[in-house]
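As a plain string of letters, each chain reads:
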Amino acid sequence: MSAPHRYGGRFVRGMEAVGAISLLLLMVIVFVDVVGRNFFNSPLPWGTELLEMVLALMIFAIYPLLALGFGHITVDLIQVRPAMQTVQRVLGCAIGAVVFSLIAWCMLRQAMRAADYAEATPLLNVPLWWVLGGIGVLAVVSALSFLQAALHTLRHPDAPKASHSTEAI
């Protein structure tokens, strides 16, 4: 069982499904846009706008899973003792939590401003506060996932980094 699956079963599977469906939707939209542009000289007029929103959804839906499973990219430039590796992992998780908290704060603040001004996307007319608010909420989930990963590291310092991690010497 991979590390993310230990932390919430349905939630993790739901986020994985959202990420997978988002990726599928990205591929379909790009395919239709390219075929329309090259064969019919008529691209999707709203394709780029939808791609931006779906890409943001995919990124922010998958990041909590990467945080929980230590799946983000790490590079060990200096070999250190195992106790120091635990400190590094906890510090990395803490930095991730701070960064995503900052992203969440900025996005939620912008969502409130967009709601006050009733801003919407130009072509699809999607209320911008939905997009920004969704990113903000998912950034909060990512920050909490980093904190959970830090707590897991403190409780189980000898646990493997990730089920797919490799070490180059």
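Data block above holds the structure.
Residues numbered from 1 in each chain as written. Predicted model: local features only at pLDDT ≥ 70, side-chain atom pairs only at ≥ 80, totals over all residues. Heavy atoms only, no water.

**Q** When you look at the packing of helix α3 (residues 82-117) against helix α4 (residues 128-155) in this model, what are you seeing that I'm missing?
**A** One can describe the packing of α3 onto α4 by two numbers: an axis separation of 7 Å at closest approach and a directional angle of 165 degrees. Comparing their axes, α4 and α3 come out roughly antiparallel. Considering how the two elements wind past one another, α3 and α4 form a crossing that is left-handed. When its residues are assigned to classes, the contact of α3 with α4 shows 24 nonpolar, 8 polar and 1 charged. (Axes fitted to C-alpha atoms, helices over the stretch in contact; angles between N-to-C directions. Helix = DSSP H or I, 4+ residues; strand = E, 2+ residues; numbered from the N terminus. Parallel < 35°, antiparallel > 145°, perpendicular 65-115°, else oblique. Left-handed = near helix turned anticlockwise from the far one by under 90°. Nonpolar A, V, L, I, M, F, W, Y, C, P; charged D, E, K, R; others polar.)

**Q** Explanation requested: a nonpolar patch on the surface in the structure shown.
**A** A grouping of Leu23, Leu24, Met27, Val28, Phe31 and Val32 is seen on the molecular surface, where their side chains present a nonpolar patch of about 570 Å² in accessible area. With respect to the helices and strands, the residue Phe31 is situated in helix α1 (residues 10-39). (Patch = residues over 30% accessible without salt bridge, like charges linked within 9 Å, V, L, I, M, F, W, Y side chains within 5 Å. Areas by Shrake-Rupley, 256 points an atom, 1.4 Å probe, with all protein chains shown as cover. Salt bridge = Lys/Arg side-chain N within 4 Å of Asp/Glu carboxyl O.)

**Q** What should I look at first to understand the side chain of Thr86 in this one?
**A** Within the element layout of this structure, Thr86 appears in helix α3. A relative accessible area of 13% means that Thr86 is categorised as buried. Ignoring any residue separated from it by four or fewer positions in sequence, one finds Thr86 in contact with Thr153 and Pro157. (Buried < 20%, exposed > 50% of the residue type's maximum accessible area, 1.4 Å probe, protein only. Contact = heavy atoms within 4.5 Å.)

**Q** Whenever I open this one, the packing of aromatic side chains confuses me. Can you help?
**A** What characterises a pair of aromatic rings is the spacing of the ring centres plus the angle enclosed by the ring planes. Within the structure shown, the criterion is met by 5 aromatic pairs. On the basis of an interplanar angle of 80 degrees and a centroid distance of 6.3 Å, the ring pair of Phe60 and Phe100 is categorised as edge-to-face. Here Phe100 lies in helix α3 and Phe60 lies in helix α2 (residues 47-68), a separation of 40 residues in the sequence. Using a relative accessible area of 14% as the deciding quantity, one classes Phe60 as buried. Each residue in the set Phe60, Tyr63, Phe100 and Phe146 is aromatic and connected to the rest through ring pairs, giving one cluster. Stacked on the ring of Trp105, the Lys or Arg Arg109 has its end atom at 4.6 Å from the ring centre. (Phe/Tyr/Trp six-rings, centres within 6.5 Å; stacked < 30°, edge-to-face > 60°. Lys NZ or Arg CZ within 6 Å of the ring centre and 35° of its normal.)

**Q** Help me understand the environment of His152 in this model?
**A** On the secondary structure map, His152 appears in helix α4. You can call His152 buried: its relative accessible area is 10%. Sequence separation between His152 and Leu68 is 84 residues; the distance between their C-alpha atoms is 8.9 Å.

**Q** Just to check I follow, could you spell out α3 for this structure?
**A** Two residues of an α-helix separated by three or four positions point the same way, owing to the 3.6 residues in each turn. Its 36 residues give α3 an end-to-end C-alpha distance of 52 Å, which sits within 8% of 52 Å, the value for a rise of 1.5 Å per residue. Of all the positions in α3, only Thr86, Arg89, Val90, Cys93, Gly96, Ala97, Phe100, Ala104, Ala111 and Ala114 are classed as buried. Downstream of α3 by one or two residues, Ala118 has phi in the positive range, about 55 degrees. (Expected span 1.5 Å × (residues − 1).)

**Q** Can you walk me through the nonpolar core in this structure?
**A** In summary, soluble globular proteins display a tendency toward joint burial of nonpolar side chains. Among the nonpolar cores identified, the biggest contains 20 residues, and Met15, Phe60, Cys93, Phe100, Ala139 and Phe146 are the most heavily contacted of them. Of all elements in the fold, only α1, α2, α3 and α4 reach the threshold of two or more residues within this core. A per-element tally of this core places α4 first, with 7 residues. Contacts of Phe60, omitting those with residues within four sequence positions, involve Met15, Phe100, Ile103, Ile135, Leu138, Ala139 and Ser142. If you look at the next biggest cluster of nonpolar residues, it comprises 5 residues, including Leu26, Ile29, Leu51 and Met58. (Core = buried A, V, L, I, M, F, W, Y, C linked by side-chain atoms within 4.5 Å.)

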